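Working through the structure, step by step
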Amino acid sequence: QVQLVESGGGLVQPGGSLRLSCLASGITFSTYIMSWYRQAPGKERELVAKVTSAGGMTHYADSVKGRFTISQDNAKSTVYLQMNSLKPEDTAVYYCNLEAGDWFEYDYWGQGTQVTVSS
């Protein structure tokens, strides 16, 4: 059973930085996509960034391009989200997600970690 555990959230001032980590266990798939999503109060969950396990191709939401970087350490089964130049509108619960399977029919979520950007 795949388990995803996020860490690294917290309170940071505007312009500051945080690094989120997602430790994955129980992965038996040879290829998969790891993503970070976020959900702000009263808003729908949205994709922030994703990375493929093979090749390390990345994709970012327009709102975070140039500020956030997603990376992976396959040896540690961990995906990171480095967040720089944080803005109050980045405040949300951030979730780690894994998709796998020929039709991405396997879909796993972490419990989320709160990121608050405020002075």
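Residues numbered from 1 in each chain as written. Predicted model: local features only at pLDDT ≥ 70, side-chain atom pairs only at ≥ 80, totals over all residues. Heavy atoms only, no water.

Quick notes on the environment of M57
Worth spelling out the cut-off: By the criteria applied, helices consist of DSSP H or I runs no shorter than four residues and strands consist of E runs no shorter than two, each listed in order from the N terminus. Buried means the residue's accessible area, taken with a 1.4 Å probe over protein chains only, is under 20% of the maximum for its type, while exposed means over 50%, and partly exposed covers the values in between. A contact between two residues is defined here by any heavy atoms of the two lying within 4.5 Å.
Examined against the element boundaries, M57 turns out to sit in the loop between β5 (46-52) and β6 (58-60). Exposure remark for M57: the relative accessible area of 57% places this residue in the exposed category. Sequence spacing of M57 and I70 is 13 residues, and the spatial spacing of their C-alpha atoms is 9.9 Å. With sequence-adjacent residues up to four places away left out, M57 is seen in contact with K50, V51 and T52.

What to know about the sheet that holds strand β1 (residues 3-7)
Here is the rule: Any two strands are treated as partners once DSSP identifies two or more bridges connecting them. Where helices are involved, their axes are fitted lines through C-alpha atoms of the stretch in contact, as for all axes, and angles between N-to-C directions lie from 0 to 180°.
Taken in spatial order, the four strands of this open sheet run β1-β3-β8-β7, and their pairing is antiparallel. Edge positions in the sheet fall to β1 and β7 (68-73), since each has one partner strand and no second. The average undirected angle you get between the axes of adjacent strands in this sheet is 15°. Bridge count for β7 against strand β8 (residues 78-83) is six bridges, and the pairing is antiparallel. Note that in β8 the partner of S71 across the bridge is Y80.

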